[in-house]
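Okay, here's what each chain looks like letter by letter:
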Amino acid sequence: MKAERGYPRYTVTPKAEAAILRGHPWVYGEEVLDIQGETENGGLVDVLSRKGRYLGTGFLSQQSKIRVRLLSRNANDRFDEAFWERKLRWAWDYRKSVLRLEDLSCCRVIFGEADAFPGLTVDRFGPILVAQVLSVGMEVRKDFLLPALVRILRSDGQTITGVYERNDEALRDKEGLPQGKGWYPLPGETPPASPVTEITENGVKYLVDVENGQKTGFFLDQKFNRQAVARLAAGKTVLDCFTHTGSFALNAALGGAKHVTAVDVSQAAVDMARANAERNGLTDRMDFLCENVFELLPRLEKEGSPYDFIILDPPAFTKSRKTVANAMTGYKEINCRAMRLLPRGGYLATCSCSHFATEEKFCEMLRSAAHDAGVQLRQIEARQQSCDHPILWGVEESSYLKFYLFQVI
């Protein structure tokens, strides 16, 4: 059957075979033992064990260290338009099953390998889809995939007015792809006049700039963690560190917090957070600081802290294994200082969005921080990313967000 399909055959090492059988979809260049046949960059290849066992079919990436990204382990699959449309529908049907109806208007529709679309991310912000294409295999198929996804959503009664590409990512360099961003030209359609749209998440309204916002414009993965914070915030005085556009702070204020201080080192982020507060009528219970959290927390230790609930939602301190140790030092510093600032019985929300800072390392850091702060932590909840960012067992990269709620006693 493989010969009839005409796909080149890539024989891989026992290490690669074991990883594939555990569910991991990547084959690295150094794991390829033998190649039979040729295809273009981004073309399909069959992956075989040394004994000739079929392991799967995937995209070839000639320039990346990840040489093959598997799409399927079913030898009977035909990778035609019907195959791709079926997979797109499965991804959307999954979101409809796990999310509430009101959450479907702002959610992650495609989450890369976890949806078996390696290198493709698609987020929905109201009427706009934002696509990030980070593999050459997806790049050469996007002219079918993106219009097909729009068609599927519209056929389900969803209003989609345009697709914006956020391909301004350095990972594209490793695939030999140019960086850039702009509206994807849907056939016969005029793109929206503005890349700014409004979404409502957990009852909070936000303006989202899909052209200039971080990543695809807004962080959707903390949706339900923000709900958890809102439930706990009633009557409390809250400090939201690394607030970005104010999402945790706004949820806390809407949840009934007595007062919320939102802090970020970026003035642009603080300005957006303040604008979002005004949009939601919450400015009477909020104030905003443009300050470095690593400088603010020590100052509050000296001056005294009025806060009984502190939220730590920092950016990823590490994006590689080489810098994990330094990152854990940074995580420990802010967590230890926050624990010292809180009164006994105060509350702490803390998280990490780097998959290199594993759950084991993050928990070890929290134990050490609590020891140094002279406190004990009573766990309220341990959470992860929202279910529209599904975790695929066997693919550790798909599990990246650690989120904890504690009472400090």
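Scroll up a little and you will see the structure.
Procedures and definitions
Residues numbered from 1 in each chain as written. Predicted model: local features only at pLDDT ≥ 70, side-chain atom pairs only at ≥ 80, totals over all residues. Heavy atoms only, no water. Buried < 20%, exposed > 50% of the residue type's maximum accessible area, 1.4 Å probe, protein only. Helix = DSSP H or I, 4+ residues; strand = E, 2+ residues; numbered from the N terminus. Pairing = 2+ DSSP bridges. Axes fitted to C-alpha atoms, helices over the stretch in contact; angles between N-to-C directions. Contact = heavy atoms within 4.5 Å. Core = buried A, V, L, I, M, F, W, Y, C linked by side-chain atoms within 4.5 Å. Expected span 1.5 Å × (residues − 1).

A. Region of interest: the pairing of strand β12 (residues 196-201). Of the two faces of β12, the one lined by Thr 197, Ile 199 and Glu 201 is fully buried and the one lined by Val 196, Glu 198 and Thr 200 carries no buried residue. Bridge count between β12 and strand β13 (residues 204-209): six bridges; the pairing is antiparallel. Of the residues in β13, the one forming a bridge with Thr 197 is Val 208. Taking the residues between adjacent antiparallel strands as the criterion, β12 and β13 are bridged by two residues, where Asn 202 takes a positive phi near 55°.

B. Inspection of the pairing of strand β1 (residues 9-12) at higher detail. Direction of pairing for β1 relative to strand β4 (residues 44-48): parallel, over a ladder of three bridges. Of the residues in β4, the one forming a bridge with Arg 9 is Asp 46.

C. Up close: the sheet that holds strand β19 (residues 377-383). Pairing within the open sheet is mixed, and its seven strands lie in the order β16-β15-β14-β17-β18-β20-β19. Looking at the sheet topology across the chains shown, the edges are occupied by β16 (286-290) and β19. Neighbour to neighbour, the strand axes of the sheet diverge by 15° on average, direction disregarded. Helix-sheet contacts for helix α11 (residues 324-341) involve β17 (309-312), β18 (347-352), β19 and β20 (402-408), and the interaxial angle to β18 is about 175°.

D. A look at the environment of Ile 311. Locating Ile 311 in the fold gives a position in strand β17. Each C-alpha atom, one on Ile 311 and one on Thr 350, is 6.0 Å from the other, the two residues being 39 residues apart in sequence. In this view, Ile 311 contacts Val 229, Val 238, Leu 239, Asp 240, Cys 241, Phe 248 and Ala 349; residues no more than four positions away in its chain are not counted.

E. Structural detail: the nonpolar core. Counting 42 residues, the largest nonpolar core has Phe 125, Val 229, Val 238, Val 260, Met 286, Phe 309 and Leu 405 as the members making the most contacts within it. Apart from the residues within four sequence positions on either side, Val 229 is in contact with Phe 248, Ala 252, Phe 309, Ile 311, Ala 349, Phe 403 and Leu 405.

F. Representation of helix α5 (residues 142-155) in the model. For α5, spanning 14 residues, the distance from its first C-alpha to its last is 19 Å, which sits close to the expected 20 Å at 1.5 Å a residue. Burial analysis of α5 places ten of its 14 residues in the buried class, which makes it a mostly covered element. Taken as a whole, α5 has its buried residues at Lys 142, Phe 144, Leu 145, Leu 146, Pro 147, Ala 148, Leu 149, Val 150, Ile 152 and Leu 153. Contact partners of the buried residues in α5: α3 (81-98), β7 (106-111), β8 (120-125), β9 (128-133), α4 (136-139) and β10 (162-167).

G. Molecular detail of unusual backbone geometry. Even without being glycine, Ala 116 reaches a positive phi, approximately 65°. Take Ala 116: it is sitting in the loop between β7 and β8. Taking the relative accessible area as the measure of exposure, Ala 116 reaches 22% and is therefore partly exposed. Although it is not a glycine, Lys 215 adopts a positive phi angle of roughly 55°. As for its position among the elements, Lys 215 is in the loop between β13 and α7 (223-233). Residue Lys 215 is classed as partly exposed on the basis of its relative accessible area, which comes to 42%.

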